[in-house]
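# Breakdown of the fold
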Amino acid sequence: MANIIVGLTGGIGSGKTTVANIFAELDIDLVDADIVAREVVAVGTEGLARIAEHFGDEILNPDASLNRAKLRERIFSEPENLKWLNALLHPIIRTEMCRQLDSTHSPYSILIAPLLFENGLDKLVSRTVLVDISPEQQRNRTVLRDSVPAHQVQSIIDSQASRKDKLSKADDIIDNNGDESALRSKVMALHNHYLTLS
Ligand code: ADP
């Protein structure tokens, strides 16, 4: 297991994936909370079996995988279902993230989590790094990447912790208002700093 686990976070479109790819090029092991959240409900998992038990087999696709659209429907129509699902999945996701972090080998490792602070995952890591950009850049880059209307992006931004809140909580900040080469230099500098800590 790596000595130090760094929690990497930032709002939608801030540049987390771009930053994570640079760390990956530097041979740093990454665990992605979004990927883990999908893995724990993959076909054949205990998580999916419990969901099918609770909602019935109609929550599954013909190939036995989770029908996410149906699950979303059931959650929207009944808030109790969301509570039940979170109670089931949050501990399983946490355990699986810890298992994957335990098997990393690089000098330090990174947990990528868009909702690191919102979901209390910062408690699992040694330090936190925020990818920060201005709200204007955030909207523009996300609209460009996802081809969705600006108001839709804004409602996602509004559902996440505020920029001010995240800035006050993060140990390290990567300013991603500049171009990609400026971003690369900042990530390299931080990488060298993390190496001195590990
Ligand atoms: P996140 O994973 O936080 O949602 P991404 O890494 O996908 O964000 O970045 C959002 C979009 O902005 C992507 O299309 C990415 O290529 C682009 N992007 C990221 N950083 C920069 C930058 N410094 N300059 C220009 N575009 C960028």
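## Description of the site of the ligand
Around the ligand, 14 residues are found, and the nearest of them are Lys 16, Thr 17, Thr 18, Arg 145 and Asn 176. Within the contact set of the ligand, an oxygen atom lies 2.5 Å away from a side-chain nitrogen or oxygen of Thr 17. Contact distances for the ligand include 2.7 Å between an oxygen atom and a side-chain N or O atom of Arg 145. Burial of the ligand by the protein chains amounts to 78% of its free accessible area of 560 Å². Those elements that provide at least two residues to the shell around the ligand are α1 (16–25) and α6 (135–146). Among the elements that make up the shell around the ligand, the one with the highest residue count is α1 (three residues). Of the residues contributing to the shell around the ligand, the split by class is one nonpolar, eight polar and five charged.

## A closer look at the nonpolar core
Core analysis: the biggest nonpolar cluster contains 27 residues, and Ile 51, Leu 66, Leu 71, Leu 89, Met 97 and Leu 111 have the highest contact counts within it. Elements with a minimum of two residues in this core: α2 (33–39), α3 (46–55), α4 (68–77) and α5 (79–102). The biggest single contributor to this core is α5, with six residues. Excluding residues within four positions of it along the chain, Ile 51 makes contact with Val 41, Gly 56, Ile 59, Leu 66, Leu 71, Trp 84, Leu 85 and Leu 88. Core analysis: the second largest hydrophobic core is formed by 18 residues, Val 6, Leu 8, Ile 28 and Leu 183 among them.

## Quick notes on the domain arrangement of the protein
Taken domain by domain, the protein consists of domain 1 (1–28 + 107–198) and domain 2 (35–105). If you average the C-alpha positions of domain 1 and of domain 2, the two centres end up 25 Å apart. Taken together, the contact between domain 1 and domain 2 spans eleven residues of the former and seven residues of the latter. Area buried by domain 1 at its contact with domain 2 is led by Met 1, Leu 111 and Leu 124, which between them contribute 51% of it. Where domain 1 packs against domain 2, one counts zero salt bridges.

What counts and how
- Residues numbered from 1 in each chain as written.
- Predicted model: local features only at pLDDT ≥ 70, side-chain atom pairs only at ≥ 80, totals over all residues.
- Heavy atoms only, no water.
- Near = heavy atom within 4 Å.
- Polar contact = N/O pair within 3.5 Å; in protein donor to acceptor, adjacent residues only side chain to side chain.
- Areas by Shrake-Rupley, 256 points an atom, 1.4 Å probe, with all protein chains shown as cover.
- Helix = DSSP H or I, 4+ residues; strand = E, 2+ residues; numbered from the N terminus.
- Nonpolar A, V, L, I, M, F, W, Y, C, P; charged D, E, K, R; others polar.
- Core = buried A, V, L, I, M, F, W, Y, C linked by side-chain atoms within 4.5 Å.
- Buried < 20%, exposed > 50% of the residue type's maximum accessible area, 1.4 Å probe, protein only.
- Contact = heavy atoms within 4.5 Å.
- Domains from an automatic or database assignment.
- Buried area = accessible area lost by both parts, 1.4 Å probe.
- Salt bridge = Lys/Arg side-chain N within 4 Å of Asp/Glu carboxyl O.

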